[in-house]
Amino acid sequence: MRVCFTLRVRPGRLDDYRARHREVWPEMRAALSEAGWRNYSLFLAEDGLLIGYLECDDFDSALAEMARTEVNARWQAEMAEFFDGDGNADERMRPLDEVFHLD
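Residues numbered from 1 in each chain as written. Predicted model: local features only at pLDDT ≥ 70, side-chain atom pairs only at ≥ 80, totals over all residues. Heavy atoms only, no water.

Under the defined criterion, the tally for this structure stands at 6 aromatic pairs. Ring geometry for Trp37 and Tyr40: centres 5.0 Å apart, planes at 65°, overall edge-to-face. Given a relative accessible area of 31%, Tyr40 falls into the partly exposed group. Taken together, Phe5, Trp37, Tyr40 and Phe59 form an aromatic cluster joined through their ring pairs. Over the ring of Phe82 we find Arg13, and its NZ or CZ is 4.3 Å from the ring centre. (Phe/Tyr/Trp six-rings, centres within 6.5 Å; stacked < 30°, edge-to-face > 60°. Buried < 20%, exposed > 50% of the residue type's maximum accessible area, 1.4 Å probe, protein only. Lys NZ or Arg CZ within 6 Å of the ring centre and 35° of its normal.)

Here you go:
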């Protein structure tokens, strides 16, 4: 399945957010792959709108698998300051409905 979601990065933290994603920990990359996240991309607009895209077999299962990892707990704790609102980003992802796909 294809999943597209949105989040909101604090406008004053955009450059720092970009910098953190140039150096995603190898163990975080491995955990995402092992949890079934494929073809995962993040896109960031200048107003802080973050669009994420991934492919997986089951999104709820992929999220749950990541929630069980220690590396994700560390990553979420360190990244929380970049996002508007409370809680970690994984809990605030808002998937969008796919209305068209050109194969």
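Looking now at the sheet that holds strand E2 (residues 38-44). One open sheet accounts for 4 strands, arranged E2-E3-E1-E4; its pairing is antiparallel. Of all strands in the sheet, those with a lone pairing partner are E2 and strand E4 (94-95), marking the two edges. Here strand E1 (residues 2-8) pairs with E4 via 2 bridges, running antiparallel. If you follow Thr6 over to E4, its bridge partner there is Arg94. Helix-sheet contacts for helix H1 (residues 14-21) involve E2 and strand E3 (49-55), and the interaxial angle to E2 is about 160°. (Pairing = 2+ DSSP bridges. Helix = DSSP H or I, 4+ residues; strand = E, 2+ residues; numbered from the N terminus. Contact = heavy atoms within 4.5 Å. Axes fitted to C-alpha atoms, helices over the stretch in contact; angles between N-to-C directions.)

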